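Overview (structure and organization)
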Amino acid sequence: MLEVDPSELYGRGPGHYRLQIAGREAWSKTLPYTLYDAVVMNDGTAIGYAYDRDHEGFVSEGGSHAGVGNLHVVVLDPKGAVRTHEITKRKASPMLHAPAEPVVEGILLQEDQDRFTIRTSAEREESWWAYRCSTGKPMARYELRKASATRESAQYVEAAHAIPGTPLVLVHWFAYDGLKQERRTIFMLVTPEGRSVWSRELPAEPSAPGNDAAALEKMRAAIDKAGLFLDVTRPGEFELWFVAEAQRVLFRVTRDEKLTEGWRVEEASRRPYPQPAAEKPAAPRIENRPLALLGSFKLESIAPTGPIHDVQSFDFDADGRIGIIRRTHPGSETFVLLDTAGEMIAEVPVPRSADEVEVGNASAAPVGAGKWVLVASEPKMEGQTFGWWFDVAEKRLSKAFPLACPEITAVAGTGDGGFVVLARRRSKYSAIDEMHAFDRQGGALWSLTERNDRDPGSLFSPEDVTVTSKGEVAVVDNIHQAVQIFGIDGKFRRAVDLKKSWRREPNYPNEIMSDSRGGFIVRDFDGDPPFVRMKADGTVRGTLRPRHQDGRLVDTAAGLCVAPDGRVWACDQHALLRLDDDGVVDFTLGRDPQLGDLDKIAGVTGDRQGHLFAVDERTGAVHVFDAEGKKLRTCKPVPGDFKENVRWPHLAVADDGSVYVGGDERVTRKPGYLHFTPDGSRHGFEAFKMDSDDIQGWLIQPGTGNFLVTEYQSAYLLAPKGDLLKKIERRADRLWLDVISEAAFASDGSFAIHSERSGVPGESPAITLLARDGAPIRTFPLPVGEVSLLGYNGSHLVLRREKAIEIYDSHGAAVQTFPAPDENESGIFLTREGRELWSVDFPARTVQRYAMP
């Protein structure tokens, strides 16, 4: 057994090697490369290959790309001496996002032939490199398709296996006929020189009964799992799966000099082999049982000011009335119409179903003549879409009517009673964007469904649509970084190149809204500036960076619109904010943020003593409560500490009550975290003393004040003053942490890290428990599926799945489960030295206290 221990995650540097024979160490050493894969012969000879810039060739060093590197083919003799070390320079693939070339597809070891073959590929064509095992010397190289004279339609090599007792290799080709949309299989036996001596093509795969896509997918999944090589272990024999005939067929291979090919291949037997039953992963056996409720309390409640709250989108009609879509919780949407002063005219729930079809993700747009249209779609592939008319005078919705288009992503009124939509037609592996227009009765007028990269009038990557005051349909295209202008009849008129117009590189143009005088405003997500006002001819009129009077940026999560008087308005989901010509808020409809009030909760945590800490989304202030809901203090930032709303804060609390809060680079003014002292005073910004721009989060270690800082692939235990105590990269089983999701401390300073293996299909997420000093103790897998770590108390772990909270003991045994509250509307943490679990309902401001096992 050869053990290869990489020195770093991507295998780019040295590796430590150890060969054991019959359980005893034969040799160990460090070599300047790390084998990516290897085979070991019976005498201890090791054969493998390595990449010095990782398998893909994409990994950067020192912040810049250092080239795609080399491929190493290595043979180590039974004593560890290097018998062969062959280096081949790689090159970038001409195919988009493809690994550098050559890339190794596998090693074929034919020990009884004193031969091994490295299967390499470049541009999907395989080249086989053969070597002598005993000497490591090259024998032959050939391109497989050319040497075997395989027909061009045999596109990809699925697998290859050596036939024991012979020099032959059995190759499985995959072929696809695009015209007939048929997938075929070709088997072939090739000699050491790549010459074909036998081949067999199977008929096209059968269609599933009734052309059932799900059944066909199930059959192909069974093929992928079991493979078409059922047995290639016996000398001179191989057994294949003939899928269309539902049989396993045994072939025998013998040497026959009388035949031109030199080999005789005969079918020996057939047996029925029905499609294997699909194996479903067993659900974890875990008792559905709630924790014991210890009590509950309420936090202070700040009622929304009027009807403006939880706004998802808004728009103005020609008379200045404001229509908003409000979503208080998933599945609950309301259309609200306001007058020009923000007073409510009407409030109607958006139906959750139409014609007995469940719908959601509603949008609204004014269509003219005192009417609005509301649209919603069925949330599934090939789902249905419906609309409703809202009449301002009648203040009610019409009966639902079907729309002849797939799932709607954006809607805009045309001013004559009709409307246009962007829609997305989804399939399992792709999605096609479309644009459709409808008249004042909801009847289809025209549609665009073409996707042609070279046609400026074809939809390619549309993100949003609007109708200008001149009656032109404007679509913002993200990939082409352009605005396409169409007539109200759907005919293409012109395209505006944003890069040329803005005289800079757009970052991510993804929204468009109508401006006055036939112009439009384009949002450039994460761009500088984020909004560009453009005239009807495509030239720049000005730019906008919406901000409050204290300099803090306006969070434009619910969009930006222009009123009939030409004034620009923004919405941060909590209030409608009018902007002056410089983009500064000069008037507000709805509730202004107040530092002393806990408005919308963005995140919560607790300390060991039973105190609750809640971050306000709009201000970034941290409100501290005792175990009965009494407000103890408020940690108040100063204007400019946070550039915009704090939606997903990093929040940590030390034993003495010190608070550390921050967001990502778009939210926090400076890198690092904002520190508040135990009495709530603002201490200021502090940064971690580490060279990283990939910090995912941080925690404070109980009893020490140390920081645990997590990156994407590593964790760092830092002393209170920032000195590095330990870098943690591996699990207790010595595998790499790879992708760190969350971490949690117990009150004694020990901790747990939840991680996943990237690029490893079917690999379970895992929990690694670590001692106070960061030494790994044990790693155990979790049931397959998306899960997050909420807390750890030394004896038990609390985890969240989509609809359940699960509790495991510290050895990975499931203890119990119970229904989970909505993840976006609640917070769960351990407190009271880990003895209690608290669940905070954000909208209701209710805290439930439960006893841990």
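This section reports on the structure supplied with the text. (Residues numbered from 1 in each chain as written. Predicted model: local features only at pLDDT ≥ 70, side-chain atom pairs only at ≥ 80, totals over all residues. Heavy atoms only, no water.)

Summed over all chains, the structure comprises 54 salt bridges. For the salt bridge of Arg119 with Glu126, the shortest nitrogen-to-oxygen distance reads 2.7 Å. Overall, the relative accessible area of 8% leaves Arg119 in the buried class. Exposure remark for Glu126: the relative accessible area of 8% places this residue in the buried category. With its nearest N and O atoms 2.8 Å apart, the salt bridge here joins Arg591 to Asp597. (Salt bridge = Lys/Arg side-chain N within 4 Å of Asp/Glu carboxyl O. Buried < 20%, exposed > 50% of the residue type's maximum accessible area, 1.4 Å probe, protein only.)

Once that is clear, we can look at the sheet that holds strand β71 (residues 836-841). Strand order in the open sheet made by the four strands is β22-β72-β71-β70, with antiparallel pairing throughout. The sheet is open, and its two edges are formed by β22 (292-298) and β70 (826-831), each paired on a single side. This sheet shows a mean twist of 20° between the axes of neighbouring strands, independent of strand direction. By the bridge criterion, six bridges tie β71 to strand β72 (residues 846-851) in an arrangement that is antiparallel. The residue bridging Leu837 from the neighbouring strand is Tyr850, located in β72. (Pairing = 2+ DSSP bridges. Helix = DSSP H or I, 4+ residues; strand = E, 2+ residues; numbered from the N terminus. Axes fitted to C-alpha atoms, helices over the stretch in contact; angles between N-to-C directions.)

To continue, consider the packing of aromatic side chains. In total, this model carries 31 aromatic pairs according to the counting rule given. Ring centres 5.5 Å apart and planes at 55° place the aromatic pair Phe335 and Trp372 in the tilted group. On the criterion of sequence distance, the pair formed by Phe335 in strand β25 (residues 332-338) and Trp372 in strand β30 (residues 371-377) is long-range, its members being 37 residues apart. Taking the relative accessible area as the measure of exposure, Phe335 reaches 0% and is therefore buried. Classification of Trp372 by relative accessible area gives buried; the value is 0%. Relative to Phe438, the ring of Phe419 has its centre 5.2 Å away and its plane inclined at 25°; by these criteria the two rings are stacked. Remark: Phe438 occurs in strand β36 (residues 431-438) and Phe419 occurs in strand β35 (residues 419-426); sequence separation between them is 19 residues. A relative accessible area of 2% means that Phe438 is categorised as buried. Among the aromatic residues, those joined into a ring-pair cluster are Tyr660, Tyr673, Phe688, Trp698 and Phe707. The ring of Trp129 has Arg141 sitting right over it, with the charged end atom 3.7 Å from the ring centre. In this arrangement the basic side chain of Lys371 is found over the ring face of Trp389, its NZ or CZ atom lying 4.4 Å from the centre. (Phe/Tyr/Trp six-rings, centres within 6.5 Å; stacked < 30°, edge-to-face > 60°. Lys NZ or Arg CZ within 6 Å of the ring centre and 35° of its normal.)

Right, let's talk about the sheet that holds β25 for a bit. Strand order in the open sheet formed by four strands is β23-β24-β25-β26, with antiparallel pairing between adjacent strands. Looking at strand neighbours, the two that pair on one side only are β23 (311-316) and β26 (344-349), the edges of this open sheet. Each neighbouring strand pair of the sheet contributes to a mean axis angle of 20°, computed without reference to strand direction. Sheet topology note: the β25/β26 ladder contains five bridges and is antiparallel. Residue pairing for β26: Leu337 is matched across the bridge by Ala346.

Time to look at unusual backbone geometry. Between Glu101 and Pro102 the backbone carries a cis peptide bond, its omega angle lying at 0°. For Pro102, the position within the fold is in the loop between β9 (82-89) and β10 (103-110). A cis amide bond, omega 5°, links Asp528 with the succeeding residue Pro529. Mapped onto the secondary structure, Pro529 falls in the loop between β43 (520-524) and β44 (531-534). Non-glycine residue Lys395 carries a positive phi angle of around 60°.

As a general feature of sheets, a regular strand has side chains that alternate between the two faces. With six bridges connecting them, β22 and β72 associate as antiparallel partners. Note on β72: the bridge partner recorded for Lys298 is Thr846. Connecting β71 to the next strand, β72, in antiparallel fashion are four residues, including Arg845 with a positive phi near 60°.

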